[in-house]
Amino acid sequence: MSDGPWLVVGLGNPGAQYAGNRHNVGQMVLDELARRTGASFGSRGGGLLGRRPQAVTAEVRLGTLPGGVPGPRVVLAKPTTYMNVSGGPVAALARYHDVPVERVVLVHDELDIPFADVRLKRGGGEGGHNGLRDTSKALGTKDYVRVRVGVGRPPGRQDPADFVLKDFTAAERKDLPWLVDRAADAVEAVVLEGLEAAQLRFHTKA
């Protein structure tokens, strides 16, 4: 693995009214990663991302290597823009920290995966996810890593766009801490072990 930093981005919408939405589960995972490392998020603005801060970030060492050595350098980031314009902050942070696309990881909600499942991939389509679509456009490539956190399909004929902007149900909230913890483990596995090893671990039924 390279000694260069990683950029791990949790997608979501800004503001307390969105904090518990399914669409914000990526940011919940980033909060867990920050908690594990004892880090706190601070604003990035000025010359990096324009006049107003467009992301909050924390620079950490993620996980532990053999022998107890601290894991790789990682920039944890939560865009403070709306989901459909996530790409600008992601691309700006990647440029600023000199992170190549193969070390950019996006953590996001995924309708096509059952609730509480986590899947990993590099590249591929965006599946109608506006945050991914804007990021692919801003980076000029789809070849970044995605940690896909399953939220399941909406019931009946509910519009998927409305579904992801609703909070998790009471039943789902009972399992949500476990799901967030598992997704955070998946991010650590990607950074420490590489994507293929992480996929083998998280795509294999126990």
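It should be emphasised that the depicted structure is a prediction, and the values quoted were computed from it without experimental measurement.

S.K.: Is there a simple way to explain the pairing of strand β3 (residues 55–61) in this structure?
M.R.: For a regular strand, the rule is simple: side chains alternate between the two faces of the sheet. When you tally the buried positions in β3, you get 5 out of 7 residues, the bulk of the element. The pairing of β3 with strand β6 (residues 73–79) spans 7 bridges and is antiparallel. Note that in β6 the partner of A55 across the bridge is P79.

S.K.: Looking at this model, I keep getting lost on the UniProt feature "site: Discriminates between blocked and unblocked aminoacyl-tRNA" (unreviewed entry) in the protein chain. Mind explaining?
M.R.: What UniProt calls "site: Discriminates between blocked and unblocked aminoacyl-tRNA" (unreviewed entry) maps, in this numbering, to N13. On the secondary structure map, N13 appears in the loop between β1 (6–10) and α1 (25–37). Given the relative accessible area of 8%, N13 is considered buried. Apart from residues no more than four positions distant in its own chain, N13 is found in contact with Y18, H23, N24, Q27, T81, Y82, M83 and L165.

S.K.: I'm lost on the layout of surface pockets in this one. Help?
M.R.: Rolling a probe over the atoms, with the probe sized like a water molecule, indicates the empty space that remains. When its volume is computed, the largest pocket comes out at roughly 340 Å³. Taken together, 19 residues line the largest pocket, and the ones lying closest to its centre are H23, G128, H129, N130 and V164. Of all the elements in the fold, those that place two or more residues in the lining of the largest pocket are β7 (104–110) and α4 (160–164). In terms of residue count, α4 provides more of the lining of the largest pocket than any other element does, 3 residues in total. Looking at the lining of the largest pocket residue by residue, the classes come out as 8 nonpolar, 7 polar and 4 charged.

S.K.: What am I meant to see in helix α6 (residues 195–202) here?
M.R.: Each α-helix winds once per 3.6 residues, and so residues spaced three or four apart point in a common direction. Along α6, the residues classified as buried are L195, A198 and F202. Buried positions in α6, seen along its axis, are confined to an arc of 65 degrees and lie on one side of it. Exposed positions of α6 whose direction lies more than 90 degrees from the buried face are E196 and L200. Buried residues belonging to α6 abut β8 (118–122), β9 (145–150) and α5 (170–193).

S.K.: Where do I start with the pairing of β1 in this structure?
M.R.: Counting buried residues along β1, 5 of its 5 residues qualify, which places the element largely inside the surrounding structure. What you see with β1 is no split at all: W6, V8 and G10 on one side and L7 and V9 on the other are buried throughout. For β1 and β6, the ladder comprises 4 bridges, and the chain directions are parallel. Within β6, the residue paired with W6 across the bridge is V74. Here 4 bridges tie β1 to β7, and the two strands are oriented parallel to one another. Residue pairing in the sheet places L7 in a bridge with V104 of β7.

S.K.: Explanation requested: the environment of L33 in the structure shown.
M.R.: Here L33 shows up in helix α1. Between the C-alpha atom of L33 and that of P114, which follows or precedes it by 81 residues, the distance is 23 Å. Among all residues touching L33, those that are not within four sequence positions of it are V8, L62, L76, A184, V187 and E188.

S.K.: Could you clarify how one ought to interpret the UniProt feature "binding site: tRNA" (unreviewed entry) in the protein chain in this entry?
M.R.: UniProt records the feature "binding site: tRNA" (unreviewed entry) at Y18, Y82, N84 and N130, using the numbering of this structure. The subset of the named residues that lines the largest pocket consists of Y18, Y82, N84 and N130. Along the chain, Y18 turns up in the loop between β1 and α1. According to the relative accessible area criterion, Y18 is partly exposed, its value standing at 22%. Among residues more than four places away in sequence, those in contact with Y18 are N13, N24, Y82 and L165. Mapped onto the elements, Y82 comes out in the loop between β6 and α2 (87–96). Residue classification places Y82 among the partly exposed positions, given a relative accessible area of 42%.

About the criteria used
Residues numbered from 1 in each chain as written. Predicted model: local features only at pLDDT ≥ 70, side-chain atom pairs only at ≥ 80, totals over all residues. Heavy atoms only, no water. Buried < 20%, exposed > 50% of the residue type's maximum accessible area, 1.4 Å probe, protein only. Helix = DSSP H or I, 4+ residues; strand = E, 2+ residues; numbered from the N terminus. Pairing = 2+ DSSP bridges. UniProt positions renumbered as here; feature names shortened; annotations may be inferred. Contact = heavy atoms within 4.5 Å. 1 Å grid on protein atoms, 1.4 Å probe; cavity = no way out; pocket = protein on both sides within 12 Å on 5 of 7 lines; lining within 4 Å. Points joined across faces, edges and corners; volume = space filled by probe spheres on them. Nonpolar A, V, L, I, M, F, W, Y, C, P; charged D, E, K, R; others polar. Arc of directions from axis to C-beta.

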